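Survey of secondary and tertiary structure
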Amino acid sequence: MDGNTYDVVVLGAGPAGENVADRVVRGGLSAAVVERELVGGECAYWACMPTKALLRSAAALRAARQVPGAREAVTSGLDVAAVLGRRDSFASHWNDDGQVGWLDSAGIALHRGQGRFVSAKVVEVTGGDGVPVTLTARHAVVVATGSSALLPDVPGLREAAPWTSREAAAASAVPGRLAIIGGGVVASEMATAFAALGSSVTMLARGGVLPRAEPFAGERVTEALREAGVSVRLGVEAASVHRDQGGTVHITTTGGERVEADEVLVAIGRTPNTQDIGLGAVGLPPGAWLPVDDTLRVVGEDGAPIGDGWLYAAGDVNRRALLTHQGKYQARAVGDVIVARAKGEAVEDGRWGRHVATADERAVPQVVFTEPEIASVGLTAAAATAAGVRIRVVDHDLGAVAGSALHADGYRGHARMVVDEDRKVIVGCTLAGPDVAELLHAATIAVVGEVPLDRLWHAVPSFPTVSEVWLRLLEAYGR
Ligand SMILES: Cc1cc2nc3c(=O)[nH]c(=O)nc-3n(C[C@H](O)[C@H](O)[C@H](O)COP(=O)(O)OP(=O)(O)OC[C@H]3O[C@@H](n4cnc5c(N)ncnc54)[C@H](O)[C@@H]3O)c2cc1C
Ligand SMILES: NC(=O)c1ccc[n+]([C@@H]2O[C@H](COP(=O)([O-])OP(=O)(O)OC[C@H]3O[C@@H](n4cnc5c(N)ncnc54)[C@H](O)[C@@H]3O)[C@@H](O)[C@H]2O)c1
């Protein structure tokens with residue numbers, strides 16, 4: 001390190017940025033990260049961790065109620081204060097001392113403030129004292145600034161001070177009535193959480209519930225939400241919003257329906273945090289997602305890397321897969337390829353090579369922590385067909401497996417595998433049911449490993465586990 005010159009400068013200390021910095025330092029280079037809020041990013045304080053903490057207690061209670069013997073021991077409902085308290089601790093009480101300590105121990109320099117490009121490889125950081133500090137990168141700058149909630153242009157919405165996922169994740173009280181605009185992952189999880197915490201929830205799901213998943217997933221989540229008392233309005237869109245002086249939010253839908261709520265949560269997708277990072281100074285349009293090549297170098301309109309290839313993007317901001325685990329996976333590839341290029345070592349950029357994030361293309365796992373959980377990896381049947389893959393779809397009733405029946409009385413679930421008929425490998429799998437999250441990694445390995453179906457017959461699931469669904473799926477496929 002020489003003054004404010006580092007081998008690598010990383011903009012954003014979320015899961016992607018932290019991991020890039022870690023990899024380059026492990027590879028023998030110096031690194032600085034620039035962070036304007038809390039080290040750890042969205043995931044740690046306002047997204048993955050607090051939302052899953054909000055959901056977990058109700059899931060545990062539901063599980064106990066599904067097993068006689070345990071059911072009788074449950075003598076009251078959720079302790080909301082305890083749930084919120086546990087959530088606070090999983091959000092580290094919105095204090096990043098622990099993460100800063102980790103950066104320190106890993107030998108990564110931290111500059112607090114808003115980072116903006118002033119020219120190629122040069123970033124200016126403006127912190128709380130308003131005095132700018134200039135950082136220069138010898139080899140690379142990595143943009144890992146993440147994304148923020150997108151707000152639609154609905155008349156009156158902004159003035160009504162809507163919640164985004166941040167306010168929902170960090171809520172200090174449970175609203176009596178919560179309206180949710182959106183039907184995707186955030187909307188479905190937060191409807192599940194707040195209904196369990198006692199809110200009367202109305203969901204306006206213009207495009208349906210979990211529309212990108214296999215259709216049975218959205219249907220089952222819709223059914224469960226309705227059983228939990230949520231009013232799920234499918235195909236319904238907000239036309240105008242107004243918060244009156246008493247604090248009540250009034251939503252009028254395009255169909256003329258009226259919905260009243262104490263809070264309205266907007267969950268319609270994300271926008272990249274690239275509006276105010278000085279992209280113009282390096283020839284890129286502000287506010288845009290950052291497209292990248294296979295080794296995650298930012299590319300221009302011509303598809304070629306910017307400059308001499310010094311600019312990279314990892315995590316949400318490149319829009320490949322808006323998930324923490326995929327951002328961290330990309331970060332490992334980015335960190336390692338920057339080190340390889342800096343040292344003049346060979347770059348392994350072939351498919352599934354060390355320096356690329358091939359899994360982003362067709363092997364992304366995701367768990368939606370609704371009731372039931374939806375765990376999926378790879379392509380849905382519709383996506384595989386659209387991609388020109390000749391497929392066969394195999395379905396099985398997850399509740400008909402001995403392990404499921406033991407797991408919970410009345411276990412309801414469904415499993416689907418999508419087989420590439422030309423290659424005889426699984427290209428997608430979706431599981432819907434209680435506690436299926438932990439089953440997903442087997443499917444991910446089958447998809448990434450492109451394990452032939454005739455070999456999968458030799459991967460014998462233990463009896464009596466829910467995993468026996470794998471055997472049933474193979475039997476349904478035939479050998
Ligand atoms: C409600 C919700 C729940 C989610 N749950 C899950 C889940 O269960 N599992 C999962 O895998 N994913 C989940 N996600 C997605 C996950 O949160 C993101 O994919 C992940 O946080 C992206 O990591 P990142 O490092 O790219 O960006 P971020 O986590 O957004 O971090 C970016 C960091 O950059 C900083 N920054 C931005 N601009 C600048 C600048 N100019 N200068 C300095 N610093 C800057 C920000 O302050 C932030 O700290 C969830 C998302 C939401 C909204
Ligand atoms: N468990 C998890 O892995 C998890 C949990 C939460 C969020 N996330 C990540 O965060 C990202 C953001 O989640 P999200 O739910 O905000 O986005 P999303 O893309 O999952 O869903 C957005 C939904 O809003 C709908 N929509 C879009 N514009 C609309 C409008 N104007 N009015 C009404 N509906 C509209 C879309 O049809 C879609 O169903 C996701 O991409 C996801 O990867 C992951």
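Quick caveat, the model's predicted, so the values are computed rather than measured.

**Looking at the nonpolar core**
If you look at the biggest cluster of nonpolar residues, it comprises 52 residues, and the most contacted ones within it are Phe117, Val142, Leu311 and Ile338. Among the secondary structure elements, those contributing two or more residues to this core are β1 (5–11), α1 (15–26), β2 (31–35), β5 (122–126), β6 (132–143), β16 (311–313) and α9 (324–343). Residues in contact with Val142, not counting those within four places in the same chain, are Val8, Val9, Val10, Leu11, Val20, Tyr312, Ala314, Val334 and Ile338.

**Here's the deal with the pattern of salt bridges**
Counted according to the given criterion, the structure contains 30 salt bridges. Between Arg351 and Glu361 there is a salt bridge whose closest N-O contact spans 2.8 Å. Here Glu361 lies in helix α10 (residues 359–362) and Arg351 lies in the loop between α9 and α10, a separation of 10 residues in the sequence. The exposure class assigned to Arg351 is exposed, which follows from its relative accessible area of 56%. Residue Glu361 is classed as partly exposed on the basis of its relative accessible area of 47%. Here the residues in one salt-bridge network are Arg23, Asp336 and Arg354, joined through shared partners.

**Quick look at the side chain of Asn318**
Along the chain, the position of Asn318 falls in the loop between β16 and α9. A polar contact of 3.1 Å, which involves the side chain of Asn318, links it to the backbone oxygen of Ala313. Discounting chain neighbours no more than four positions away, the residues touching Asn318 are Leu290, Val292, Leu296, Ala313 and Gln330.

**With respect to the packing of α1 against α9**
At their nearest, the axes of α1 and α9 sit 8 Å apart, and the two run at 30 degrees to each other. By the criterion of interaxial angle, the relationship of α1 to α9 is roughly parallel. Judged by the sense of rotation from one axis to the other, the crossing of α1 with α9 is right-handed. The residues of α9 that touch α1, namely those facing Pro15, Ala16, Asn19, Val20, Arg23 and Val24, are Thr324, Gly327, Lys328, Ala331, Arg332, Val334, Gly335, Asp336, Ile338 and Val339. Taken together, the residues that form the contact of α1 with α9 break down as eight nonpolar, four polar and four charged.

**Examining the sheet that holds strand β14 (residues 263–266)**
Strand order in the open sheet made by the four strands is β10-β9-β8-β14, with parallel pairing throughout. The sheet is open, and its two borders are formed by β10 (231–234) and β14, each paired with just one other strand. On average, each strand axis in the sheet is tilted by 15 degrees relative to the strand beside it, whichever way the strands run. Pairing of strand β8 (residues 177–181) with strand β9 (residues 200–205) involves five bridges; the strand directions are parallel. Looking at β9, one finds that Arg177 is bridged to Ser200.

**Some points on the site of ligand 2**
In the neighbourhood of ligand 2, 20 residues make up the surrounding shell, with Val186, Glu189, Arg212, Leu322 and Val367 lying closest. One of the backbone nitrogen or oxygen atoms of Val186 is found 2.8 Å away from an oxygen atom of ligand 2. Between Arg206 and ligand 2, the recorded distance is 3.2 Å, taken from a side-chain N or O atom to a nitrogen atom. Isolated, ligand 2 exposes 840 Å² of accessible area, and the fraction of that covered by the protein chains is 80%. Only α7 (185–197) and β17 (365–368) provide two or more residues apiece to the shell around ligand 2.

**Considerations on the UniProt feature "domain: Pyridine nucleotide-disulphide oxidoreductase dimerisation" (unreviewed entry) in the chain**
Using the residue numbers shown here, the UniProt feature "domain: Pyridine nucleotide-disulphide oxidoreductase dimerisation" (unreviewed entry) corresponds to residues 364–470. Span residues 364–470 is 25% helix and 31% strand, its end C-alpha atoms 19 Å apart.

**Concerning helix α13 (residues 440–448)**
Taken together, the buried positions of α13 are occupied by Leu440, Ala443, Thr444, Ala446 and Val447. Seen end-on, α13 carries its buried residues on one side only, within an arc spanning 160 degrees. On its buried side, α13 packs onto α10, β17, β18 (373–378), β21 (425–433), α14 (453–456) and α15 (469–477). Note on α13: the residue one or two positions beyond its end, Glu450, has a positive phi of about 45 degrees.

**Comments concerning the pairing of β9**
Each regular strand carries side chains that alternate between the two faces of the sheet. Among the six residues of β9, five are classified as buried, and the element is accordingly described as predominantly covered. Handedness of the crossover joining β8 and β9 through α7 is recorded here as right-handed. Bridge count for β9 against β10 is four bridges, and the pairing is parallel. Opposite Thr202, over in β10, you have Ser231 as the bridge partner. Regarding the hand of the β-α-β motif, the stretch spanning β9, helix α8 (residues 215–227) and β10 is right-handed.

Reading guide: rules and limits
- Numbering of residues begins from 1 in every chain and follows the order in which that chain's sequence is written.
- Each chain is given a letter, starting from A, and each ligand a number, starting from 1, according to the order in which they appear as written.
- Residue-level local features of this predicted model are given only where pLDDT is at least 70; pairs of side-chain atoms are given and counted only at 80 or more, and the full residue set underlies all totals for whole chains, interfaces and linings.
- To get the side-chain values, take all heavy atoms of the structure and skip hydrogens and water.
- Here, nonpolar core refers to any group of buried Ala, Val, Leu, Ile, Met, Phe, Trp, Tyr and Cys residues whose side-chain atoms link them within 4.5 Å.
- Think of it in three bands: with a 1.4 Å probe and only protein chains considered, a residue is buried below 20% of the maximum accessible area for its type, exposed above 50%, and partly exposed in between.
- For helices the rule is a DSSP run of H or I covering at least 4 residues; for strands it is a run of E covering at least 2, with both sets numbered from the N terminus onward.
- Throughout, a residue-residue contact means that at least one pair of heavy atoms, one from each residue, lies within 4.5 Å.
- A pair is scored as a salt bridge if a Lys or Arg side-chain nitrogen falls within 4 Å of a carboxyl oxygen belonging to Asp or Glu.
- A 3.5 Å cut-off defines polar contacts: any pair of N or O atoms within that distance qualifies, except that in protein one atom must be a possible hydrogen donor and the other a possible acceptor, and neighbouring residues in sequence count only when both atoms are side-chain atoms.
- Axis lines are fitted through C-alpha atoms, for helices just across the contact stretch, and the angle between N-to-C directions can take any value from 0 to 180 degrees.
- What sets the label is the angle itself: under 35 degrees gives roughly parallel, over 145 gives roughly antiparallel, 65 to 115 gives roughly perpendicular, and the rest give oblique.
- A crossing counts as left-handed when the near helix is turned anticlockwise from the far one by less than a right angle, and as right-handed when that turn is clockwise.
- Each residue gets one label: Ala, Val, Leu, Ile, Met, Phe, Trp, Tyr, Cys and Pro are nonpolar, Asp, Glu, Lys and Arg are charged, and the others, such as Gly, are polar.
- Strand pairing requires that DSSP identify at least two bridges connecting the strands.
- Think of it this way: one heavy atom of a residue within 4 Å of a molecule or strand is enough to make that residue near it.
- The accessible surface values rely on the Shrake-Rupley method and a 1.4 Å probe; as for residues, cover is taken only from the protein chains in view.
- UniProt positions are given in the numbering used here, feature names are shortened, and annotations may be inferred rather than shown by experiment.
- The arc refers to the directions leading from the helix axis to the C-beta atoms.
- By definition, the crossover connecting two strands over a helix is right-handed if that path, from the first strand to the second, turns clockwise as seen with the strands pointing away from the viewer.

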